[in-house]
Amino acid sequence: MQKQQKKILMLGGSYFQLPIIKCAKEAGHYVIVCDYNPNNPGRELADEYHEVSVIDREAVLNIAKSAEIDGILVYAFDPAAPVVAYVAENLNLPTNPYESVMILARKDLFRAFLAEHGFNVPQSSSFYNLDEAKKFFAQIKKPVMIKPVDNAGSKGVLKISDISELESAFNYALSYSTEKKVVVEEFIQRVGYQIDGDGFVVDGKLVFTGFADQHIDKYCNPYVPVGESVPSIQPEELQQKARGEIQRALTLLNWRNGALNIEYIVDGSGDIYILEIGPRNGGNLIPDMLKLATGIDLIQYTVNAALGLDCSSLKMEKPHGCYSTYIVHATSSGVLNEIAFTDEIRSNIVYYQEFALPGTYVEKFDGSDRTLGAMILKFSSISEMLEKIDNMGSYIHVTTK
């Protein structure tokens, strides 16, 4: 990896973005962080900080021009990805096409893209208006998924079956949408785990995929992941089929370089349904976990890609052990009393970052913004890993009062 100092602009300085800020600093680069929250932890690590919203593209562009940056990136946060492409195109910096980034960042545009090019896709449409959504709801097979078109972290997502539930679900999704637009789409029954992992593209080729099985807490929102585990138990032939479909999409989008967060499911017929190709690294410590599992440092490659540095050394590596991420969360709202770990799980924890302290008011987990802590765990076998992560309530006790 090359070490010459460059100026890189990072959009966001939250806890989940600290790994890439640290990585760029360790590589010797000059790091500028933008974040609307003056209390973000990233500003303490940055060489320079600007208190601006990362989705205000003109404000970010002005900062980028003034600083004469060499590259710009966003890590683990979809809404700012179009801003990265907008600024980079304006300043002739390394990027992927703005139009393609917008397609991947917006669920309505992505569903339309998939349908246009013959991918498997649920019957889907998007609405600003509840009355129009009601008409479409009446026409499609139930149950249906309701989602904001432009938010990440599974925030605002619900499954409903009856028209009486639509208004509440629509307004809930709308509250998480910057565009104020909501997706209504057919629910596809998956077989096995949903896949949620990261990939990386070099010169248009999907050269690395770290596919992980996604885990949920059935006592909270069943569409918000609480963990990802590798290696995936999905048969290799299905993973290879998915890689082919993802590569076809990336080729059509003229995708050039960089990290992706990928989510897909397989139905009972063995058909691949790509749910999302996020134009950024995954959150919830997925890249950190993959580095431990495979030895591949996607965070370092992301920095290099943003600066136009050589990424040709990246190659596919499968996991060499059993690892998972896990998001510590509350199953009920209230004042946090305690987060307690049993001895059976404590020995598996290799990294833990606590975000909430006892005495803090916390809310029931229904989106990534309700995270109380994040961890990476290592297991001796797949069976131990799946048993523990799918029954984590028996090993990690979060109590509220």
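Just so we're clear, the structure is a prediction, and the values are computed from it rather than from any experiment.

Draft legend 1. Layout of empty space enclosed by the protein. Throughout the structure, instances matching the rule amount to one cavity of 30 Å³ or more. By volume, the largest cavity is sized at about 70 Å³. Surrounding the largest cavity, Asp-78, Leu-104, Ala-105, Lys-107, Phe-110, Arg-111, Asp-150, Asn-151, Leu-275, Glu-276 and Ile-277 form its lining. At the level of secondary structure, the elements contributing two or more residues to the lining of the largest cavity comprise helix H5 (98-105), helix H6 (107-116) and strand S14 (272-278).

Draft legend 2. Quick look at the packing of helix H7 (residues 130-139) against helix H8 (residues 166-174). In the contact formed by H7 and H8, the axes pass within 11 Å of each other and the chain directions differ by 125°. With respect to H8, the element H7 is oriented oblique. The crossing of H7 and H8 is right-handed. The segment H7 lies against H8, with Leu-130, Ala-133, Lys-134 and Phe-137 engaging Leu-166, Glu-167 and Phe-170. Taken together, the residues of the contact of H7 with H8 sort by class into five nonpolar, no polar and two charged.

Draft legend 3. A look at the sheet that holds strand S18 (residues 361-362). Across the sheet, three strands lie side by side as S18-S16-S20; this open sheet has antiparallel pairing. The sheet terminates laterally at S18 and strand S20 (396-400), the two strands that pair on one side only. Of the pairings in the sheet, the one linking strand S16 (residues 334-341) to S20 comprises five bridges and is antiparallel in character. Note on S20: the bridge partner recorded for Ala-340 is His-397.

Draft legend 4. Geometry of the packing of aromatic side chains. Taken as a whole, this structure holds 10 aromatic pairs when the rule is applied. Taking 5.5 Å as the distance between ring centres and 80° as the angle between the ring planes, the aromatic pair formed by Tyr-172 and Tyr-176 counts as edge-to-face. Accessibility expressed as a relative area gives 15% for Tyr-176, which makes it buried. The interplanar angle of 75° and the centroid separation of 5.3 Å between the aromatic rings of Phe-211 and Tyr-264 together place this pair among those described as edge-to-face. One end of the pair, Phe-211, is in the loop between strand S10 (205-210) and strand S11 (213-216); the other, Tyr-264, is in strand S13 (residues 258-266), with 53 residues separating them in the sequence. Each member of the pair, Phe-211 as well as Tyr-264, carries the same accessibility label: buried.

Draft legend 5. Focus on the nonpolar core. Core analysis: the largest hydrophobic core is formed by 47 residues, its most contacted members being Leu-9, Leu-11, Ile-72 and Ile-277. Ranked by the residues each element gives to this core, the list is headed by helix H4 (residues 81-90), at seven residues. Non-local contacts of Ile-277, meaning those with residues more than four positions away in its chain, are made with Leu-104, Phe-110, Ile-246, Ala-249, Leu-250, Leu-260 and Asn-261. The next biggest cluster of nonpolar side chains, apart from the first, holds 46 residues, and it includes Phe-16, Ala-259, Ile-339 and Phe-365.

Draft legend 6. Main features of H6. All of the buried residues in H6 are Lys-107, Asp-108, Phe-110, Arg-111, Phe-113 and Leu-114. If you follow the buried residues of H6, they end up packed against H5, strand S5 (124-127), strand S6 (144-148), strand S8 (182-186), helix H9 (236-252) and S14. After H6 finishes, the residue Gly-118 shows a positive phi value of roughly 80°.

Draft legend 7. Here's a closer look at the environment of Lys-6. Along the chain, the position of Lys-6 falls in the segment before strand S1 (7-11). Considered as a pair, Lys-6 and Gly-28 are 22 residues apart in the sequence and their alpha carbons are 7.8 Å apart. If we ignore the near neighbours within four places in the chain, the residues touching Lys-6 are His-29, Tyr-30, Asp-70, Leu-307 and Leu-309.

Draft legend 8. Here's a closer look at unusual backbone geometry. Residue Pro-143 is reached from Lys-142 by a cis peptide bond, and omega for that bond is 0°. Here Pro-143 shows up in the loop between H7 and S6. In this model, Val-230 is joined to Pro-231 through a cis peptide bond whose omega is 0°. For Pro-231, the location among the structural elements is in the loop between strand S12 (225-230) and H9. Non-glycine residue Asn-92 carries a positive phi angle of around 55°. With respect to the helices and strands, the residue Asn-92 is situated in the loop between H4 and H5. Taking the relative accessible area as the measure of exposure, Asn-92 reaches 71% and is therefore exposed. The phi dihedral of Asp-203 is positive, around 50°, even though this residue is not glycine.

Draft legend 9. A look at the pairing of S12. Where burial is concerned, most of S12 is hidden: six out of the six residues are buried. Two strands pair when backbone bridges link them, and S11 and S12 are joined in this way by four bridges, in the antiparallel orientation. Each residue of the ladder has a partner; that of His-215, found in S12, is Gly-227. Where S12 and strand S15 (residues 322-328) come together, two bridges link them in antiparallel fashion. When the bridges of S15 are listed, Val-230 appears paired with Tyr-323.

What counts, and at which threshold
Residues numbered from 1 in each chain as written. Predicted model: local features only at pLDDT ≥ 70, side-chain atom pairs only at ≥ 80, totals over all residues. Heavy atoms only, no water. 1 Å grid on protein atoms, 1.4 Å probe; cavity = no way out; pocket = protein on both sides within 12 Å on 5 of 7 lines; lining within 4 Å. Points joined across faces, edges and corners; volume = space filled by probe spheres on them. Helix = DSSP H or I, 4+ residues; strand = E, 2+ residues; numbered from the N terminus. Axes fitted to C-alpha atoms, helices over the stretch in contact; angles between N-to-C directions. Parallel < 35°, antiparallel > 145°, perpendicular 65-115°, else oblique. Left-handed = near helix turned anticlockwise from the far one by under 90°. Contact = heavy atoms within 4.5 Å. Nonpolar A, V, L, I, M, F, W, Y, C, P; charged D, E, K, R; others polar. Pairing = 2+ DSSP bridges. Phe/Tyr/Trp six-rings, centres within 6.5 Å; stacked < 30°, edge-to-face > 60°. Buried < 20%, exposed > 50% of the residue type's maximum accessible area, 1.4 Å probe, protein only. Core = buried A, V, L, I, M, F, W, Y, C linked by side-chain atoms within 4.5 Å.

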